[in-house]
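Spelled out from the first residue to the last, the chains are:
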Amino acid sequence: LANSRKRLMLQLQKLVSYGNWARIDLKPSKCACTSVMRCNGQKLVVNPSLQINHVDVPFIAADQAFKFLGTELEPNLSFVTAKDRIADTLNRQFRKLSAADIPNWMRLSLWKRFGFSKFRYQLAVLSVSESWLEARDRTIRKAIRSWLSLTPSTCSAFIHSRNLKMGLEVASLRDIYHVEI
């Protein structure tokens, strides 16, 4: 991200130098570039024509969705549909875990070890509201109550408390993410 072509080229040059120093093979096909400029109040998207090691970096057009850290973003950089996709992925993970022919304690263990990590990674680039995180926390608690045959009135503190305090030690999204207000 840069506010001039000169600065952009300088950053790219530093990236290539670092890659060479660290012996990292930079793959232009895994990169993407775009340039957004304002002209008479209009937003123009132009191809900055960047190269890494003499190979063109693919250009993202104005109407093209793209992925950033594994999260698909809309052309207007809207995270709304990305948040919907993440919520759908969470629900799909819970359906798969619920359908698996494994003991209930193992479902919880798999979610805590692998599912939560994947979900947390997807949230790395999003700025979400407290209500959105709370809705996902409710989904997580509902699945855990179902797996462990807990009553709906089971206190959420039991689910989120540390193991030392006889809790299930499932992280609360609202507690671990900085929430925009």
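Our structure is the block above this text.
Residues numbered from 1 in each chain as written. Predicted model: local features only at pLDDT ≥ 70, side-chain atom pairs only at ≥ 80, totals over all residues. Heavy atoms only, no water.

Before going further, it helps to spend a moment on the packing of aromatic side chains. By the definition in use, this model includes four aromatic pairs. Arranged with centres 5.5 Å apart and planes meeting at 65 degrees, the rings of Phe-94 and Trp-147 form a pair that is edge-to-face. Residue Phe-94 is located in helix α2 (residues 80-99), and its partner Trp-147 is located in helix α4 (residues 130-147); the two are separated by 53 residues in the primary sequence. Seen from their ring centres, Trp-111 and Phe-116 are 5.9 Å apart, and the 80 degrees between their planes marks the pair as edge-to-face. Overall, Trp-111 belongs to the buried group, its relative accessible area being 1%. Grouped by ring-pair contacts, the aromatic residues Phe-94, Trp-111, Phe-116 and Trp-147 constitute a single cluster. Sitting over the ring of Trp-132, Arg-136 keeps its end group 4.7 Å from the ring centre. (Phe/Tyr/Trp six-rings, centres within 6.5 Å; stacked < 30°, edge-to-face > 60°. Helix = DSSP H or I, 4+ residues; strand = E, 2+ residues; numbered from the N terminus. Buried < 20%, exposed > 50% of the residue type's maximum accessible area, 1.4 Å probe, protein only. Lys NZ or Arg CZ within 6 Å of the ring centre and 35° of its normal.)

This next bit is on α4. The end-to-end C-alpha distance of α4, which contains 18 residues, comes to 26 Å, matching closely the 26 Å that a straight helix rising 1.5 Å per residue would cover. For α4, the complete set of buried residues consists of Trp-132, Leu-133, Glu-134, Ala-135, Arg-136, Asp-137, Ile-140, Arg-141, Ala-143, Ile-144, Arg-145 and Trp-147. Count one or two residues on from α4 and you reach Ser-149, which has phi positive near 55 degrees. (Expected span 1.5 Å × (residues − 1).)

Right, let's get into the packing of helix α3 (residues 104-122) against α4. Between α3 and α4, the least distance of the axes is 9 Å, while the angle of their chain directions is 160 degrees. When the interaxial angle is binned, α3 and α4 end up roughly antiparallel. Classified by chirality, the crossing of α4 by α3 is right-handed. Between α3, through Asn-104, Arg-107, Leu-108, Trp-111 and Phe-119, and α4, the contact on the second element is made entirely by Arg-136, Ile-140, Ile-144 and Trp-147. (Axes fitted to C-alpha atoms, helices over the stretch in contact; angles between N-to-C directions. Parallel < 35°, antiparallel > 145°, perpendicular 65-115°, else oblique. Left-handed = near helix turned anticlockwise from the far one by under 90°. Contact = heavy atoms within 4.5 Å.)

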